[in-house]
Amino acid sequence: MTVASRDSVVDSELADFATLVGTDDPVCVVGGRTQWEVGGLPRPGTREVVAPAGVVSHQPEEMIVRVRAGTTVAALDSVLAMGGQMVALDPVDPASATVGGVLAVGHSGIRRLRYGPARDTVLEVRFVSARGQLVKAGGPVVKNVTGYDLCRLLVGSLGTLGLIGEVVLRCHPRPAAHRWFGSVEPGAVDPFAVFGRLYRASSVLWDGAHVWVLLEGHPDDVDAQAADVLGPGFAEVAGPPSLPVGGRLSLAPGNLRALSGVGRSGRWVAQVGVGTVQADEPSAVAAALSLPWPPAVAPRIVVLHHELKQRFDPDGRLNPGRLVAGP
Amino acid sequence: MTATASRDVPPEGTGPAVGPAAAGAAAGAALSSVGDLIADLGRALAPDRVRSSATEVALYRRDASMLAGEAAVICFPLTTEEVAAAVRVSRAHGRPFVPRGSGTGLAGGAVPTGPTPPVVIVTTKMNQILSVDPVARMAWVQPGVLNLDLSRAVARHGLHFAPDPSSQQSCTIGGNVANNSGGPHCLLHGVTTAHVLAMEVVLPDGSVVELGGLDPEPAGLDLRGAFVGSEGTMGIATRIAVRLTPLPPAVTTLLADFTSFEAAAQTVTGVIAAGIVPAALEMMDALITEAVEAFVHAGFPTDAAAVLLVEVDGLPGGVAAAAAAITDIARANGARTVRVATDPAERALLWKGRKSAFGAIARIKPNYYLHDTVVPRSQLVPVLTQVYEIAARHRLRLGNVFHAGDGNLHPLILFDKREPGVMDRVLAAGNEIIEVCVAAGGMLSGEHGIGLEKRDFMGLVFSAQDLEAQSWLRQAFDPAGACNPWKVLPSGARCGDLQDLPPGAWI
């Protein structure tokens, strides 16, 4: 699919989505329900709507794809693979998770170390406002400072400022080599030393005992980094460990080392060099690190959230009950 | 009135500069005398860091764009507390304020405009690198630190600050944040927003907040992302936590020359379509190449219609493979020669040529107007063809030196402003170039921003609803409209009036 023009069928589907969202009653948008509880459940009685699905156009020579928000990440990936490309959203359950859902939640995947956060993937967003109008932010080009960056504001906004209908995403070439390596002996490898010696690793994961490393790129480089940096303390493995699903912490990457002392706080897996931590018991990990749980937001920042919500959704009809930050 | 001094007299028909009679509600408080304002700012900062002589105020009427406004007073805070105090004093005196770094912006974002002449708050004396953490690969800096100074300071740790605008020797990190600045190497490494972790910001009401965080997913909305690129309209960043990027272990720079710009542009498309993302992919046309070679003597072929400067970086295997593939693609598209430079001195010479372009063209004409649009990469050939036709129709010399890899055009119109009527032709050609780029599916700006220059073109790419949604973001930060007024968004009344500059600003 290399046709750039957007036909009337597509636009009418977005218009239908806007009509579906309407202008009056409380409404929430449903994707794959894979992260449905993040930010709290919508207030009972809130009408559920579904965003349109489908890849509108993939332009490999532009390294961009226009995709509707209801498309599953796996369906998007299968289209991009035909053009030798990918987007690095990497949700845990790509067969169920939708593009719109992943972006509305805003959690980055396990390859953030190389490809950057989910928000950096988004070039353009078409969303439905609380007034039921279609609004465009950003543009279909890879570099753009035309106007305010509403795209980044919407990523992670949990559908409380607008309901995402369609996005243009930045693609990456699929790497020629993609290999996971795991440490052999528990506790024998310092993940921070390994991270410091690797150049542009795709992922370095650590659970307090073992270290997993994803190397991607030219096969010669992957071989060389595996031999010279990882060495005999690592062996090739099929993939990353399963990630605990109890919750997620966000730590400054320089503070991750403190995790080694958290003791009996359940299982956790940290992204070294990034700072996200998936944990069985995030509150216990936070307590062991003397961090507030849930994370605190400064009062003046809360005021800014309210100022934004009041303007984007004055009647509070978009995803009522969901909170992006503290009350 | 300082605005009418010397050679900066506005051309007829652009209207008078604003005076006290035009004082409006934007800043919220009653307008008081400039003398009282200066006295209060002097008490809040220090009298010698509040400048109000006619000469000094006139210096700050402009940035690097063709536009000028009028400032009430200029102040130079040293600390966050002083920035906050300057904001509060401005507001108490009914004045808007305009943040400013080095003033290298090309879209008029730092030109002082507003319903009454604003206070210009200059951050260049806040120029300390506060801390560097080489293990976590980040640094806290003040906004007045120069872009290249930061990269030089952290080079001993094997790190650099990746955004590298052409003005990197003189532009500030604070200005980079305001404009979400780019540069040649942003093709692979991303523009400024990808390299800003957190900021301490003085909001337009004088309060101080931290946006973002050193952790990857701070709780709440991405206000950091919303702030970066807001062109100084949502507050003033006073401390910035930047991400530092490891210097690549291997780098190769290639120079390919072509007998037609179409062949060069097709090579760009071919490289991207082959799944190669170079660190930089720059194109220079014949006019630029000739001027640069005469200036730098880098060995650029002066008889080429276009040259591509391509850099690949990373691990050695990938770099070698990409360099070989790029060479093949360039040859397949008719490149006459492909020069491959791996040693640092030769690479530096090639880059010196690229980065000297704007100085070198001064040998041709004394003035230039540098445009900045972005188009889909596949549209480079038809758009450039039309850009050259527009210049010819307006009897103007035009060169192209730009970030071809991400479709970011920089048409450069050369002129001598002493030539009667030439500015009209320069502006008319510029408007047509913008319209051609938008018609090709492009956007108004890839890295210079909207500022004043393109404010009234926003309606070409955004609907009234789109623009209103953008205004919701801005108003949440600055409900009174006191922070860098009249920039980025067209006022409702003016929406659609192209290049209708506000009173008090002129070219």
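Residues numbered from 1 in each chain as written. Chains lettered and ligands numbered in written order. Predicted model: local features only at pLDDT ≥ 70, side-chain atom pairs only at ≥ 80, totals over all residues. Heavy atoms only, no water.

(A) Representation of the overall build of chain A. A tally of regular secondary structure across chain A gives 9 helices and 16 strands. Here the C-alpha atoms of chain A give a radius of gyration of 21 Å, agreeing with the 20 Å that 2.2 N^0.38 yields for 327 residues. Structurally, chain A occupies a C-alpha span of about 60 × 45 × 30 Å along its principal axes. A burial count over chain A gives 56% of its 327 residues as buried. Look at the contacts in chain A between residues 6 or more apart in sequence, and 70% of them connect residues 24 or more apart. Element-wise, carbon and sulfur atoms account for 54% of the exposed surface of chain A, whose accessible area totals about 12600 Å². Positive and negative side-chain charges of chain A, numbering 29 and 31 respectively, have mean locations separated by a distance of 6 Å. (Helix = DSSP H or I, 4+ residues; strand = E, 2+ residues; numbered from the N terminus. Rg over C-alpha atoms; globule rule 2.2 N^0.38 Å. Buried < 20%, exposed > 50% of the residue type's maximum accessible area, 1.4 Å probe, protein only. Contact = heavy atoms within 4.5 Å. Areas by Shrake-Rupley, 256 points an atom, 1.4 Å probe, with all protein chains shown as cover. Lys, Arg positive; Asp, Glu negative; His and termini not counted. Charge placed at Lys NZ, Arg CZ, Asp CG, Glu CD.)

(B) Quick look at the domain arrangement of chain A. All names here are of chain A. Split by domain assignment, chain A resolves into domain 1 (8-38 + 48-173 + 303-312) and domain 2 (177-288). Here domain 1 and domain 2 have C-alpha centroids that lie 29 Å from each other. The partner domain 2 presents 18 residues to the 9 residues of domain 1 that form the contact. Roughly 1200 Å² is buried in total at the junction of domain 1 and domain 2, and carbon and sulfur atoms are behind 58% of that figure. Its largest share of buried area at the contact with domain 2, domain 1 owes to Ile110, Leu113 and Arg114, together 64% of the area lost on that side. The interface formed by domain 1 and domain 2 holds 1 salt bridge in total. Where Arg111 meets Glu216, a salt bridge forms, and the shortest distance between an N and an O atom there is 3.0 Å. On the surface where domain 1 and domain 2 come into contact, there are 7 residue pairs in polar contact (both at pLDDT 80 or more). For the side of domain 1 that touches domain 2, the per-class residue count stands at 3 nonpolar, 3 polar and 3 charged. (Domains from an automatic or database assignment. Buried area = accessible area lost by both parts, 1.4 Å probe. Salt bridge = Lys/Arg side-chain N within 4 Å of Asp/Glu carboxyl O. Polar contact = N/O pair within 3.5 Å; in protein donor to acceptor, adjacent residues only side chain to side chain. Nonpolar A, V, L, I, M, F, W, Y, C, P; charged D, E, K, R; others polar.)

(C) Representation of the pattern of salt bridges. All names here are of chain A. In total, this model carries 40 salt bridges over all chains according to the counting rule given. The partner of Asp313 in a salt bridge is Lys309, with the nearest N and O atoms 2.7 Å apart. Bridged by salt links that share partners, the residues Arg66, Glu124, Arg126 and Glu166 form one connected network.

(D) Representation of the sheet that holds strand β12 (residues 211-217) of chain A. Residues and elements named next belong to chain A. Taken together, 7 strands build an open sheet; the order of strands is β13-β10-β12-β11-β15-β16-β14 and the sheet is antiparallel. Edge positions in the sheet fall to β13 (234-237) and β14 (247-250), since each of these pairs with one other strand and no more. Adjacent strand axes in the sheet meet at a mean angle of 25° when their direction is disregarded. Both strand β15 (residues 268-271) and strand β16 (residues 276-279) contribute to a ladder of 3 bridges, which runs antiparallel. Each residue of the ladder has a partner; that of Trp268, found in β16, is Ala279. The sheet strands contacting helix α7 (residues 219-230) are β10 (177-183), β12 and β13, and the helix crosses β12 at an angle near 150°. (Pairing = 2+ DSSP bridges. Axes fitted to C-alpha atoms, helices over the stretch in contact; angles between N-to-C directions.)

(E) Examining unusual backbone geometry more closely. All names here are of chain A. Here the residue pair Trp293 and Pro294 is connected by a cis peptide bond, since its omega of -5° sits within 30 degrees of zero. Among the secondary structure elements, Pro294 is positioned in the loop between α8 (282-288) and α9 (299-312). Positive phi is not limited to glycine here, since Arg33 has a value of about 55°. Structurally, Arg33 can be placed in the loop between β1 (27-29) and β2 (47-49). By relative accessible area, Arg33 is classed as partly exposed at 43%. Its identity is not glycine, yet Leu158 carries a phi of approximately 55°, on the positive side. By the secondary structure assignment, Leu158 is in the loop between α5 (150-154) and β8 (163-170). Of the residues examined, Leu158 reaches a relative accessible area of 10% and is grouped as buried.

(F) Local environment of the packing of helix α13 (residues 380-393) of chain B against helix α14 (residues 422-439) of chain B. All names here are of chain B. Following both chains from N to C, one finds α13 and α14 inclined at 160°, their axes separated by 10 Å at the closest point. When the axis of α13 is compared with that of α14, the two are roughly antiparallel. Helix-helix and strand crossings are classified by hand; for α13 and α14 the assignment is right-handed. Residues Val383, Gln386, Val387, Ile390 and Arg393 of α13 lie in contact with α14, whose contacting residues are Ala429, Glu432, Ile433, Val436 and Cys437. Along the lines of polarity and charge, the residues of the contact of α13 with α14 split into 7 nonpolar, 1 polar and 2 charged. (Parallel < 35°, antiparallel > 145°, perpendicular 65-115°, else oblique. Left-handed = near helix turned anticlockwise from the far one by under 90°.)

(G) Geometry of empty space enclosed by the protein. All names here are of chain A. Inspection of every chain in the model, using the stated rule, returns 5 cavities of 30 Å³ or more. The space that makes up the largest cavity amounts to roughly 360 Å³. For the largest cavity, the lining is made up of 28 residues, of which Val29, Gly31, Gly100, Gly101 and Ala104 are closest to its centre. The set of elements that each furnish at least two residues to the lining of the largest cavity consists of α3 (99-105) and β8. With 5 residues, the top contributor of residues to the lining of the largest cavity is α3. Grouping the constituent residues of the lining of the largest cavity by class yields 14 nonpolar, 12 polar and 2 charged. (1 Å grid on protein atoms, 1.4 Å probe; cavity = no way out; pocket = protein on both sides within 12 Å on 5 of 7 lines; lining within 4 Å. Points joined across faces, edges and corners; volume = space filled by probe spheres on them.)

(H) Highlighting the nonpolar core. One finds Leu153 and Leu169 of chain A together with Met199 of chain B to be the most contacted residues of the largest nonpolar core, which totals 145 residues. With 10 residues, the top contributor of residues to this core is α14 of chain B. Not counting the four nearest positions on each side in its chain, Leu169 of chain A is found in contact with Met63, Ile64, Val65, Val67, Leu76, Val87, Leu89, Val99, Leu103, Thr121, Val122 and Leu123 of chain A. Ranked by size, the runner-up nonpolar core spans 31 residues in total, among them Ala226, Leu230, Leu256 and Ala279 of chain A. (Core = buried A, V, L, I, M, F, W, Y, C linked by side-chain atoms within 4.5 Å.)

(I) Molecular detail of the packing of aromatic side chains. Taken as a whole and assessed by the stated rule, the structure comprises 6 aromatic pairs over all chains. Considering the side-chain rings of Phe358 of chain B and Tyr368 of chain B, the 5.8 Å spacing of their centres and the 35° angle between planes classify their relative orientation as tilted. Linking Phe358 of chain B in helix α12 (residues 357-360) with Tyr368 of chain B in strand β16 (residues 367-370), this pair joins segments that are 10 residues apart in sequence. Looking at Tyr368 of chain B, the relative accessible area reads 30%, which means it is partly exposed. Feature note: the residues Phe192, Trp206 and Trp268 of chain A constitute an aromatic cluster, connected by ring pairs. Against the face of Trp140 of chain B rests Arg239 of chain B, its NZ or CZ located 4.3 Å from the ring centre. (Phe/Tyr/Trp six-rings, centres within 6.5 Å; stacked < 30°, edge-to-face > 60°. Lys NZ or Arg CZ within 6 Å of the ring centre and 35° of its normal.)

(J) Representation of the environment of Arg114 of chain A. All names here are of chain A. The topology assignment puts Arg114 in helix α4 (residues 112-115). Taking C-alpha positions, Arg114 is 20 Å from Ala227, a pair spaced 113 residues apart along the chain. When near neighbours in sequence (up to four residues on either side) are disregarded, Arg114 contacts Arg200, Ala201, Ser202, Glu216 and Gly217. Engagement of the side chain of Arg114 in a polar contact is seen with the backbone oxygen of Arg200, the distance being 2.7 Å. One polar contact links the side chain of Arg114 to the main-chain carbonyl oxygen of Glu216, over a distance of 3.4 Å.

(K) View of the sheet that holds strand β15 (residues 337-341) of chain B. Residues and elements named next belong to chain B. Sheet architecture is open: 7 strands sit in the order β15-β12-β14-β13-β18-β20-β16, paired in antiparallel fashion. Two strands in the sheet have a free side with no partner beyond their single neighbour: β15 and β16. Between one strand axis and the next, the sheet turns by 20° as a mean value, whatever way the strands run. With 9 bridges joining them, strand β12 (residues 250-258) and strand β14 (residues 306-314) adopt antiparallel strand pairing. Bridge assignment links Leu255 to a residue of β14, and that residue is Leu309. The strands touched by helix α11 (residues 344-355) within the sheet are β12, β13 (280-285), β14, β15 and β18 (397-402), with β15 carrying the most contacts at an inclination of about 120°. Its contacts with the sheet place α14 against β16, β18 and β20 (411-415), and it is angled at close to 170° to β20.

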